[in-house]
Amino acid sequence: MKFTQTLIAAAILSLAPSAFAADAIAMVNGKQIKQSVYDVITKDITASGQKIDDNTKNAIINELVSSELVYQEAQRLGLDKQPDFLVREELGRRKLLTNVFLQDYLKKNPVSDADTKAAYEQYKKAYGDKEYNARHILVKTEAEAKDFIAQLNKGADFAKLAKEKSLDPGSKDKGGDLGWFSPASMVKPFSDVAANLQKGTISASPVQTQFGWHVIKLIDTRPAQPLAYEKVKDGLQKNLQQRQLEKMMSELRSKAKIDITK
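Residues numbered from 1 in each chain as written. Predicted model: local features only at pLDDT ≥ 70, side-chain atom pairs only at ≥ 80, totals over all residues. Heavy atoms only, no water.

Caption draft 1: Region of the structure containing a nonpolar patch on the surface. Residues Leu96, Leu97 and Val100 make up a contiguous nonpolar surface patch of roughly 260 Å² in combined accessible area. Looking at the secondary structure, you find Leu97 in helix H4 (residues 83-108). A relative accessible area of 58% places Leu97 in the exposed class. (Patch = residues over 30% accessible without salt bridge, like charges linked within 9 Å, V, L, I, M, F, W, Y side chains within 5 Å. Areas by Shrake-Rupley, 256 points an atom, 1.4 Å probe, with all protein chains shown as cover. Salt bridge = Lys/Arg side-chain N within 4 Å of Asp/Glu carboxyl O. Helix = DSSP H or I, 4+ residues; strand = E, 2+ residues; numbered from the N terminus. Buried < 20%, exposed > 50% of the residue type's maximum accessible area, 1.4 Å probe, protein only.)

Caption draft 2: Examining the packing of aromatic side chains more closely. Scanning all chains against the criterion turns up six aromatic pairs. With a centroid separation of 5.7 Å and 35° between ring planes, the pair formed by Tyr120 and Tyr123 is classed as tilted. Of this pair, Tyr120 and Tyr123 both sit in helix H5 (residues 113-127), three residues apart, which is roughly one turn of the helix. When its relative accessible area of 10% is taken as the criterion, Tyr120 is described as buried. On the basis of an interplanar angle of 75° and a centroid distance of 5.3 Å, the ring pair of Tyr120 and Tyr229 is categorised as edge-to-face. Here Tyr120 is found in helix H5, whereas its partner Tyr229 is found in helix H9 (residues 229-255), with 109 residues between them in sequence. Counting every residue linked through ring pairs, the aromatic cluster contains Tyr120, Tyr123, Tyr127 and Tyr229. Lying across the ring of Trp180, Arg222 places its NZ or CZ 4.3 Å from the centre. (Phe/Tyr/Trp six-rings, centres within 6.5 Å; stacked < 30°, edge-to-face > 60°. Lys NZ or Arg CZ within 6 Å of the ring centre and 35° of its normal.)

Caption draft 3: Here's a closer look at the sheet that holds strand E3 (residues 130-139). Taken in spatial order, the four strands of this open sheet run E4-E3-E6-E5, and their pairing is antiparallel. Since the sheet does not close on itself, it has two edges, and those belong to strand E4 (177-181) and strand E5 (207-209), each with one partner. For this sheet, the mean angle separating the axes of adjacent strands, direction not counted, is 40°. Here E3 runs beside E4; their pairing, made up of three bridges, is antiparallel. Residue pairing across strands places Asn133 opposite Trp180, the latter belonging to E4. Sheet contacts for helix H6 (residues 142-153): E3 and strand E6 (212-223); angle to E6, the most-contacted strand, approximately 50°. Strands E3, E4, E5 and E6 of the sheet are contacted by helix H8 (residues 188-195), whose axis makes an angle of about 155° with E5. (Pairing = 2+ DSSP bridges. Axes fitted to C-alpha atoms, helices over the stretch in contact; angles between N-to-C directions. Contact = heavy atoms within 4.5 Å.)

Caption draft 4: Fine view of the pattern of salt bridges. Using the criterion set out here, one finds 11 salt bridges in the structure. Glu90 is the partner of Arg94 in a salt bridge, and the nearest nitrogen-oxygen pair spans 3.0 Å. You can see Arg94 and its partner Glu90 sitting in helix H4, four residues apart, about one turn around the helix. Residue class for Glu90 comes out partly exposed when judged on its relative accessible area of 45%. A salt bridge links Glu121 to Lys124; its shortest N-O distance comes to 3.5 Å. Separated by three residues within a single helix, Glu121 and Lys124 lie in helix H5, roughly one turn from each other. On the accessibility criterion, Glu121 (46% relative accessible area) is partly exposed.

Caption draft 5: Spotlight on the confidence of the model for the chain. Looking at the chain, pLDDT values average 91 and 92% of them are 70 or higher. The least confident element of the chain, judged by mean pLDDT, is helix H1 (residues 5-13) at 52; the most confident is E5 at 98. Note that residues 16-22 has pLDDT below 50 and, in this model, 15 contacts with residues that lie over four places away or in other chains. (pLDDT = per-residue confidence, 0-100.)

Caption draft 6: Highlighting the nonpolar core. Core analysis: the biggest nonpolar cluster contains 12 residues, these being Ile137, Val139, Ala145, Phe148, Ile149, Leu152, Phe158, Leu161, Ala162, Ile202, Trp213 and Val215. Counting residues per element, the ones that place at least two in this core are E3, H6, helix H7 (158-165) and E6. At four residues, H6 tops the list of elements feeding residues into this core. Not counting chain neighbours up to four residues away, the residues in contact with Ile137 comprise Phe148, Leu152, Phe158, Leu161, Ala162, Ser166, Trp213, His214 and Val215. (Core = buried A, V, L, I, M, F, W, Y, C linked by side-chain atoms within 4.5 Å.)

Here it is, written out as structure tokens:
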């Protein structure tokens, strides 16, 4: 059985108190556990790709009974009247309703195939027509980078120096090798310099980015090989959905009267 009680508990916690209404599937101290609650939980579990068998059903009901017992005890102790709880209850309900609204908005405003394909063409354009293979040495200061350039110009081994001195944890053990990359995948100051180097040469001066100072050596170039449409389709659609949500939020803000009082 692949599902976990954590998933069931999370589904229970996501339900607003008003969800406890209609046909009872169990009674706990005279209080009903509603069929509607069970249905919402099984719907979420099924949506996650898991099947509801007899063992799963029993586990859900047992978890609901346990949850109801704790719920009743918390009420008996008056914890549901505490100010902190009331604020958290309001925040939870607000978050739940906001998520329902966003899901409904995206359902009513789906990203079209045409928009996704247009985004893919933009992706390919930004990707560029070449890919680059380069090594780099990353250090904190310009003076260090200049010193390494001088050593390299005198015949020092780039890979050895990168392993010993580079601050980039992702490439230093590989002698500074960054593998193949498109200009769009690197920060602009770095890709601008790499794209203008000749094969086998190093940058004449250090390159500064937000990560520090780089010494770059271009190993090779090849024609661009952007990912196929099907491999990036989902990511492109999510980006387009995010833009839709940002636009919608901007429109809501523009129409609203907002006064920040503190």
